[in-house]
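Overview (structure and organization)
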Amino acid sequence: MRPRQADQIITPGTLPENSAGARWKMPFAARPKYIQLETVTKCNAKCPFCPQNEIVRDPARMPTETWQKVVDDTRGWGITYRPFLTNEPFVDNRMPEIVRYIKDNDPTARVEFNTNGELVTEKLGLALLEAGVDIMRFSIDGFSKETYEPSRIGIDYDKVIERTVRFLEIWDEGGYRDKVFTELRMIEVPENTHEITAYKEFWGPKCSEVLITHMYQWPWTGQKREDVVLKPCLKILDEVFFYTNGNATICCWDVHERAVIGNVNEMSVSEIWEGYAARCMRATLDDGRRDLLNLCSRCNAYQDYDFSKFATNGGTE
């Protein structure tokens, strides 16, 4: 959940049973609204700010029966499925098949991708649109090769631009503008700030929306124990994340499986979401005790977010 989404939440008037005594009362969803699937562990880029290249997981490719079980367990829930985690989704050539399976006989399901764009060929783009993809986000962190390629190591800038423009042409000319949301996003850093205006002017007419975002810090990327933020967390309110091996975690930033709450090959998604491990972690975070959870003990996410609307029993910022 993003801060602006949390700002719109109307705080319920009664405490959930497992929140008694906690300093905050976070509005956890009865079941997840977003599910991310790490269908492969690989990426075609080696970005210096991303810990993706540290991933060592077996299998490297999620078995078909695993991702299908996640989908089957949650049909009709109104889920937004994101078939990627800390990887480039289109390294996996099954994506059109996965989109079709998710959308089959479930009008409530939505499918969303974040991609660097280099692997989105014209053939793949058309297949995704025909399969029923709902959201395509292209992460292009610069408006020139000089600013882009130092941060997106291993990616050909010219190919990214060519293929992204072509996808957007197909999207527009094929009548998908009202059916599929497209977004161009750029992480603002000192090296590309001077290009923001040109970036918006170029991409704005071509897509649904242009978004300029800011860099965040992953847990366990240099933070010390004393840096921990003793606050709740927005990330775990309505999302769950699955690795290639079927393990589920509470956080998309959990690259090294430090907050596993179950395995979908052994449990249903409902059992994982409502299970003991998940409830314990939520209760701990409701009390602001990130220091007691391995993953969260080195995380300073949402350090500037005002949680006061969720405070209870004397909880303060």
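Here the structure is a predicted model, which means the values were calculated and not measured.

**Description of unusual backbone geometry**
Negative phi values dominate among residues other than glycine, just as trans dominates among peptide bonds. For the bond running from Asp-58 to Pro-59, omega is 5°, close enough to zero to count as cis. Not every positive phi belongs to a glycine, and Asn-105 is a case in point at roughly 60°. If you trace the backbone, Asn-105 turns up in the loop between helix 3 (95–103) and strand 3 (110–115).

**Some remarks on the side chain of Thr-213**
Note that Thr-213 resides in strand 6 (residues 209–214). Not counting residues up to four positions away in its chain, the partners in contact with Thr-213 are Met-186, Ile-187 and Glu-188.

**Re the nonpolar core**
In this structure, Ile-35, Phe-113, Leu-128, Ile-140 and Phe-242 are the most contacted members of the largest nonpolar core, which totals 88 residues. For this core, the element with the highest residue contribution is helix 6 (residues 157–173), accounting for eight residues.

**Section: the environment of Ile-140**
Its place among the elements puts Ile-140 in the loop between strand 4 (135–139) and helix 5 (145–148). A residue is classified by how much of its surface remains accessible, and Ile-140, at 0% relative accessible area, is buried. For Ile-140, the contacting residues outside a window of four places in its chain are Tyr-148, Tyr-157, Val-160, Ile-161, Thr-164, Leu-184, Arg-185, Met-186, Tyr-199 and Trp-203.

**Observations concerning helix 3**
Regarding helix 3, the residues found buried are Met-95, Pro-96, Ile-98, Val-99 and Ile-102. Within helix 3, the buried residues cover an arc of 160° as seen down the axis, which keeps them to one side. In this fold, the buried residues of helix 3 make contact with helix 2 (64–73), strand 2 (80–82), strand 3 and helix 4 (122–131). Downstream of helix 3 by one or two residues, Asn-105 has phi in the positive range, about 60°.

Cut-offs and rules
- Residues numbered from 1 in each chain as written.
- Predicted model: local features only at pLDDT ≥ 70, side-chain atom pairs only at ≥ 80, totals over all residues.
- Heavy atoms only, no water.
- Helix = DSSP H or I, 4+ residues; strand = E, 2+ residues; numbered from the N terminus.
- Contact = heavy atoms within 4.5 Å.
- Core = buried A, V, L, I, M, F, W, Y, C linked by side-chain atoms within 4.5 Å.
- Buried < 20%, exposed > 50% of the residue type's maximum accessible area, 1.4 Å probe, protein only.
- Arc of directions from axis to C-beta.

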